[in-house]
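Coordinate analysis (summary)
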Amino acid sequence: METIEEFYHHKFNTYPENIYETIGQFNAFRIEERMKNNEELPPHIRRNFFKIMLFSGENIFKYGHQTVKVSGNTLLFFHPDIPYSYLPLSSDTKGYFCIFRNEFFQSTHKLQLDQLPLFNTSLPPVFTLSNIQYEEAKYLFIKIFQEAQSDYIYKYDLIRNYVSELYYLAMKWTPPGNTISQFGSAGKRITTIFSELLEQQFPIQYKTDTLALRHPKNYAEKLSVHVNYLNRCIKKITGKTTGEYIFERIGTEAKILLRDTDWTISEISEALGFDDLAHFNKFFKKQTGINPTSFRLV
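Residues numbered from 1 in each chain as written. Predicted model: local features only at pLDDT ≥ 70, side-chain atom pairs only at ≥ 80, totals over all residues. Heavy atoms only, no water.

**Considerations on helix α9 (residues 242-260)**
With 19 residues, α9 extends 27 Å from end C-alpha to end C-alpha; this agrees with the ideal 27 Å at 1.5 Å per step. Thr 242, Gly 243, Tyr 245, Ile 246, Arg 249, Ile 250, Gly 251, Glu 253, Ala 254, Ile 256, Leu 257 and Leu 258 are the residues of α9 that are buried. (Helix = DSSP H or I, 4+ residues; strand = E, 2+ residues; numbered from the N terminus. Expected span 1.5 Å × (residues − 1). Buried < 20%, exposed > 50% of the residue type's maximum accessible area, 1.4 Å probe, protein only.)

Shown next as structure tokens:
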């Protein structure tokens, strides 16, 4: 995992001394300025900070093990639990991005980033914008830059409001029918809480970590609902069974651990809660079509 300190060393070959004075180590950048430095492409790893990017241009982003092609005006939300990277930027690329630790909102706001649907690690974090929407988001980034450079004592309160507005505008702009914007019914609330419980178990950072909730019945007990009701809710909202949803997320974490750690396959199997290596091998092959050893060699 890349820390925010390593991010600055990678981008600037130094670490700003005053960054600790900012709440949640918040900072914002223009993409065009970063391109002038001819810096190396970011490695495909996790970060310990959130990132929101307003992007104008064409490129291919890799988010977890998903490859997402973006074109035109795009708003992207990156969660620290999922590794991401992108291909070289073309000369006409423009836009903005901001980075911040979870503490940026925890200090004064009740906004819990891990519980927000746009930062849900099971969903692609890419949203295409119209020209009008792009200009509205761009205006907010300009306001963020202006406040960040000011001496106003409450400037970070204003910046938090602008960042929150970016988030909620993206929610508003989400096309009807998209699962991100579907809230309200009991079934949708159950699905949202289930997803949060699942995501709270990740990332697996240490070999001693173990998954406490691995089966639909475990989640049904936590939610105080019958497992059949939970299955109906998940299926209606996501199109997947509860088991498929859980195993897909465990499979994603397995891929990350196989690619991004030097742990043995047996250690990964134990951390993910499998009783034995054979069971893990069978599970992984069913999820991906190949065994864990072959996946590491690809």
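More follows now that the structure is in view.
**Here we look at the environment of Asn 48**
Topologically, Asn 48 is positioned in the loop between α2 (31-35) and β2 (50-63). Accessibility expressed as a relative area gives 18% for Asn 48, which makes it buried. In this structure, the C-alpha to C-alpha distance between Asn 48 and Pro 80, residues 32 residues apart in sequence, is 5.2 Å. Ignoring anything within four residues of it in the chain, the contact list for Asn 48 reads Met 1, Glu 2, Thr 3, Ile 4, Pro 80 and Arg 101. (Contact = heavy atoms within 4.5 Å.)

**Looking at unusual backbone geometry**
The linkage connecting Phe 202 with the following residue, Pro 203, adopts the cis geometry, with an omega of 5°. Relative to the helices and strands, Pro 203 is located in the loop between α6 (186-199) and α7 (216-223).

**What about the side chain of Glu 147?**
Among the structural elements, Glu 147 can be located in helix α4 (residues 131-148). We note that Glu 147 is buried and unpaired, the nearest opposite charge coming from Lys 143 at a distance of 5.5 Å. Residue contacts for Glu 147: discarding those within four places in its chain leaves Tyr 152, Lys 155, Leu 158, Ile 159 and Tyr 162. (Lys, Arg positive; Asp, Glu negative; His and termini not counted. Salt bridge = Lys/Arg side-chain N within 4 Å of Asp/Glu carboxyl O.)

**Here's the deal with the side chain of Lys 155**
One can find Lys 155 in helix α5 (residues 155-173). With near-sequence residues (within four places) excluded, Lys 155 lies in contact with Glu 147, Ala 148 and Ser 150.

**Here's the deal with the nonpolar core**
Phe 194, Ile 204, Tyr 219, Leu 230, Ile 250, Leu 272 and Phe 280 are the most contacted members of the largest nonpolar core, which has 31 residues in total. Those elements giving two or more residues to this core turn out to be α6, α7, α8 (227-238), α9, α10 (265-271) and α11 (277-288). Among the elements that make up this core, the one with the highest residue count is α9 (six residues). Ignoring anything within four residues of it in the chain, the contact list for Leu 230 reads Ile 190, Phe 194, Pro 216, Tyr 219, Ala 220, Leu 223, Val 225 and Thr 242. Counting 30 residues, the second largest nonpolar core, distinct from the first, contains Cys 98, Phe 104, Ala 137 and Tyr 167. (Core = buried A, V, L, I, M, F, W, Y, C linked by side-chain atoms within 4.5 Å.)

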